[in-house]
Amino acid sequence: MIKSLNKSMRILSTSAALSLMMLSAPHAFAATPADTLVEGFAIDDIITLDPGEAFELSAAEVTGNTYSKLVSIDLNDTSKVIGDLAESWTTSDDGLTYTFKLKSGLKFASGNPVTADDVAFSFERAVKLDKSPAFLLTQFGLKGDNVTEKAKATDANTFVLTVDKPYAPSFVLNVLTATVASVVDKKFITEKAKSVTPSADYKYDTDFGNEFLKTGYAGSGPYKILGWKANEAVILEANPNYYGEKPKLKRVVYRHMKESSGQRLALENGDIDVARNLEPGDMEAVSKKEGLAVTSAPKGTVYYFSLNQKNENLKKPEVVEALKYLVDYDAIGATIIKGIGEIHQTFLPKGQLGALDENPYKLDVAKAKELLAKAGLKDGFTVTMDVRNTQPVTGIAESVQQTLAQAGIKLEIIPGDGKQTLTKYRARTHDIYIGQWGSDYFDPNSNAETFTINYDNSDEGKNKTLAWRNAWDVPDLTKETQSALLEKDSAKRAAIYQNLQKEVLAKGPFVIIFQQTEVAGYSAKLKGLKLGPSFDTNYVYTISKE
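Residues numbered from 1 in each chain as written. Predicted model: local features only at pLDDT ≥ 70, side-chain atom pairs only at ≥ 80, totals over all residues. Heavy atoms only, no water.

Caption draft 1: Molecular detail of the overall build of the protein chain. In terms of helices and strands, the protein chain carries 20 helices and 19 strands. Residue burial in the protein chain is summarised as follows: out of 546 residues, 58% are buried. For the protein chain, restricting intrachain contacts to residue pairs at least 6 apart in sequence, the fraction spanning at least 24 positions comes to 70%. Entry remark: accessible area of the protein chain is about 21,200 Å², with carbon and sulfur atoms responsible for 50%. Each charge sign in the protein chain was given a centre, from 64 positive and 70 negative side chains, and these centres are 3 Å apart. (Helix = DSSP H or I, 4+ residues; strand = E, 2+ residues; numbered from the N terminus. Buried < 20%, exposed > 50% of the residue type's maximum accessible area, 1.4 Å probe, protein only. Contact = heavy atoms within 4.5 Å. Areas by Shrake-Rupley, 256 points an atom, 1.4 Å probe, with all protein chains shown as cover. Lys, Arg positive; Asp, Glu negative; His and termini not counted. Charge placed at Lys NZ, Arg CZ, Asp CG, Glu CD.)

Now the structure itself:
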């Protein structure tokens, strides 16, 4: 079966290869191929693989392994940014112009050369497509009608970015490490682009290859995307044109597996090489199994549930506060997230500038009842929570359901896959949503902006931050967060973020529960497996097999 699979994936179309894989029995992968890494991973949150649109954790891991950017995070010191496609860069004296010089001899997987024109096109398409992550670039003053002037190639190897304000340079560079700044192959994408009839909502006559890139590929990273079938698998193949350290393995397969127990059994049977979503009990079992091992890394990811301020009950300040007292943090920390996270109630993860390590809330049903009575809801109320049907969020949601009931609040859990729950959340049609937020880049603004900025609270708002998704209209916090971007003094900047965290703790419609420690069980046959500090730095090109 394995020989047949390998041969088929070389000669069949991507869709046919994927179909063959998915029709295989669950144990058809026993003794995974020597040249292939197979990971069991809950990837049902993937909606698209277009780096100009993708904004989900699993998708970011895929794009992080398949696309290159101008700059990337230094894994040895996450406070620093290093060149990826860029050989060097300079900042003008007024702090408004960034000039990048590209490395020579770069090629896309297609064989086309990587030029500054490709970089400029990548910025242009992300801004004009105006998908969820576009705000990362538009916050610099880039718009559809000025992006070709503000982000342009001045020659084949020189890209110039002009921003609208003298931001702290570290902030600008950190933003450019985000997925949305991935560089795509202009020539290849232009050939794949579809014509569009301009409208009031979209005034361009091309989709900039968006439909193609939902499942296609046009990058220059260590691996290229061979195919993706929703809720089943993503297949990567080594890119022979990659300029950097060559991948050790020919192929990587992310198999969609939701259940921790199923991942553990598959790992023990040799059906997969890595299990990515282990719960505490299964993680402990793997750590004791001969031939298997466990690795972990702290992540800049926080888990939370949020309260839609469109809901008449949830928008009452007393209810917001009451729900923060109706979480059994101690029990969740001792059971559901044991070994995979630690209780953390502020929106900045530990390790980032200005992060507070304060956890003022404990389960206090009496206090919560008192607050509900003040809100005119002494008998409680009924509310729904949208929950992705994976752990640990399902377990946390069930725990919260029980503690809310102690105060008379009836919580109805609405399960769904990642795409279903995210789509509803982004449309602001939820009551309560439980999920996770990972920093898009290693600067405190990444989390501060999404939790505290809401430029336009209408349903037509373009900056779809978490504050916007929950209809939290906060003009004062928006201004304060913006001021931090222009503060060059690190201590003063940290103080601004500390105050913002205190405001969200006290008043924000976010109940932040814990900071993630990512874990993975893996076969001892693997060498070079190391989880990164963020969801897009779990690199697989360093991994080999004995």
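Caption draft 2: Quick look at the pairing of strand β8 (residues 223–229). With six bridges joining them, β8 and strand β9 (residues 233–238) adopt antiparallel strand pairing. Its bridge partner being in β9, lysine 224 is matched across the sheet by glutamate 237. In this structure, the hairpin formed by β8 and β9 is closed by a connection of three residues, where asparagine 231 is found at a positive phi of approximately 60°. (Pairing = 2+ DSSP bridges.)

Caption draft 3: Layout of the side chain of aspartate 74. Inspection of the secondary structure puts aspartate 74 in the loop between β2 (71–73) and β3 (81–83). Buried and unpaired, aspartate 74 has lysine 80 as its nearest opposite-charge partner, separated by 5.6 Å. A distance of 3.0 Å separates a polar side-chain atom of aspartate 74 from the backbone nitrogen of asparagine 76. Leaving out residues up to four positions away in the same chain, aspartate 74 has contacts with Lys80 and Ile82. (Salt bridge = Lys/Arg side-chain N within 4 Å of Asp/Glu carboxyl O. Polar contact = N/O pair within 3.5 Å; in protein donor to acceptor, adjacent residues only side chain to side chain.)

Caption draft 4: Representation of the packing of helix α17 (residues 445–452) against helix α19 (residues 475–484) in the model. For the pair α17 and α19, interaxial distance at closest approach is 9 Å and the crossing angle is 165°. On the basis of the axis angle, α17 is roughly antiparallel to α19. The two elements α17 and α19 meet at a crossing, and its hand is left-handed. Judged by residue contacts, Asn445, Ala448, Glu449 and Thr452 of α17 engage Leu477, Thr478 and Thr481 from α19. Here the residues of the contact of α17 with α19 are counted per class, giving two nonpolar, four polar and one charged. (Axes fitted to C-alpha atoms, helices over the stretch in contact; angles between N-to-C directions. Parallel < 35°, antiparallel > 145°, perpendicular 65-115°, else oblique. Left-handed = near helix turned anticlockwise from the far one by under 90°. Nonpolar A, V, L, I, M, F, W, Y, C, P; charged D, E, K, R; others polar.)

Caption draft 5: Fine view of unusual backbone geometry. The residue after glutamine 391, namely proline 392, is reached through a cis peptide bond having omega 5°. Position of proline 392 among the secondary structure elements: in the loop between β14 (382–388) and α15 (393–405). One non-glycine residue, asparagine 231, lies in positive phi territory at about 60°.

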